[in-house]
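Understanding the architecture of this molecule
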Amino acid sequence: ITTGAGSDITAKENVKLYATNDITNAGNVTSNEGKVDVYSDQGKFTNTQTGNLNGDKGVEINAHQDIVNAGNVTSDNGPITVNSTNGNFTNEPTGNLKA
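Residues numbered from 1 in each chain as written. Predicted model: local features only at pLDDT ≥ 70, side-chain atom pairs only at ≥ 80, totals over all residues. Heavy atoms only, no water.

The next thing to look at is the overall build of the protein. Along the protein, the regular secondary structure elements total zero helices and 14 strands. Its helices and strands in sequence order give the protein the pattern β-β-β-β-β-β-β-β-β-β-β-β-β-β, from N to C terminus. Over its C-alpha trace the protein gives a radius of gyration of 12 Å, about what one expects of a compact globule, namely 13 Å for 99 residues. Counting only C-alpha atoms, the protein reaches 30 × 30 × 25 Å along its principal axes. Buried positions account for 37% of the 99 residues belonging to the protein. For the protein, long-range pairs separated by at least 24 residues make up 17% of all intrachain contacts whose partners lie at least 6 apart in sequence. On the protein, roughly 5,100 Å² of surface is accessible, and the fraction owed to carbon and sulfur atoms is 42%. Across the protein, the 6 positively charged side chains and the 11 negatively charged ones have centroids separated by 5 Å. (Helix = DSSP H or I, 4+ residues; strand = E, 2+ residues; numbered from the N terminus. Rg over C-alpha atoms; globule rule 2.2 N^0.38 Å. Buried < 20%, exposed > 50% of the residue type's maximum accessible area, 1.4 Å probe, protein only. Contact = heavy atoms within 4.5 Å. Areas by Shrake-Rupley, 256 points an atom, 1.4 Å probe, with all protein chains shown as cover. Lys, Arg positive; Asp, Glu negative; His and termini not counted. Charge placed at Lys NZ, Arg CZ, Asp CG, Glu CD.)

Attention shifts here to the nonpolar core. Judged by nonpolar contacts, the single largest core of 14 residues is most densely connected at Val29, Val36, Val38, Phe45, Leu53, Val59 and Ile61. Secondary-structure elements contributing two or more residues to this core are strand E3 (15-19), strand E6 (36-40) and strand E9 (59-63). With sequence-adjacent residues up to four places away left out, Val36 is seen in contact with Val15, Val29, Thr30, Ser31, Leu53, Asn54, Gly55, Gly58, Val59 and Glu60. (Core = buried A, V, L, I, M, F, W, Y, C linked by side-chain atoms within 4.5 Å.)

Turning our attention to a nonpolar patch on the surface. On the surface, Val82, Phe89 and Leu97 cluster together into a nonpolar patch covering about 220 Å² of accessible area. Within the element layout of this structure, Leu97 appears in strand E14 (residues 96-98). (Patch = residues over 30% accessible without salt bridge, like charges linked within 9 Å, V, L, I, M, F, W, Y side chains within 5 Å. Salt bridge = Lys/Arg side-chain N within 4 Å of Asp/Glu carboxyl O.)

Right, let's get into the sheet that holds strand E11 (residues 72-75). Spatially, the five strands line up as an open sheet ordered E2-E5-E8-E11-E14, and their pairing is parallel. Across the chains shown, the open sheet's two edge strands, defined by having one partner strand only, are strand E2 (8-11) and E14. On average, each strand axis in the sheet is tilted by 5° relative to the strand beside it, whichever way the strands run. Pairing of strand E8 (residues 52-55) with E11, which is carried by four bridges, proceeds in the parallel orientation. When the sheet's bridge partners are listed, Asn54 is paired in E11 with Thr74. (Pairing = 2+ DSSP bridges. Axes fitted to C-alpha atoms, helices over the stretch in contact; angles between N-to-C directions.)

Within the secondary structure, Ser31 is located in strand E5 (residues 28-31). Take Ser31: its relative accessible area is 2%, and that puts it in the buried class. Within the structure, Ser31 has its side chain in polar contact with the backbone nitrogen of Gly34 (distance 2.9 Å). Once you skip the residues sitting within four places of it in the chain, Ser31 turns out to touch Ala11, Lys12, Glu13, Asn14, Val15, Val36, Asn54, Gly55 and Asp56. (Polar contact = N/O pair within 3.5 Å; in protein donor to acceptor, adjacent residues only side chain to side chain.)

Pasting the structure below:
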């Protein structure tokens, strides 16, 4: 799954991005009253400098391989959870995590 710069995915409730392989977010993924859930079964997840994940009740990122955040991950009323089964988590200098 790849979301391009300037693209918007918005939902009132939960937003789920599930893929067998890699997921790259360069756009805006927003849940106004729920949670953003990203799950890569066998691949990695990259949130680029233009990527924004915003879940009102939380953001959960799970990947089998590396997770790289260079953008913004925010949650107004819930936790941010990052879990890499077989890789590393890197928060680049431009990356922001705010809960």
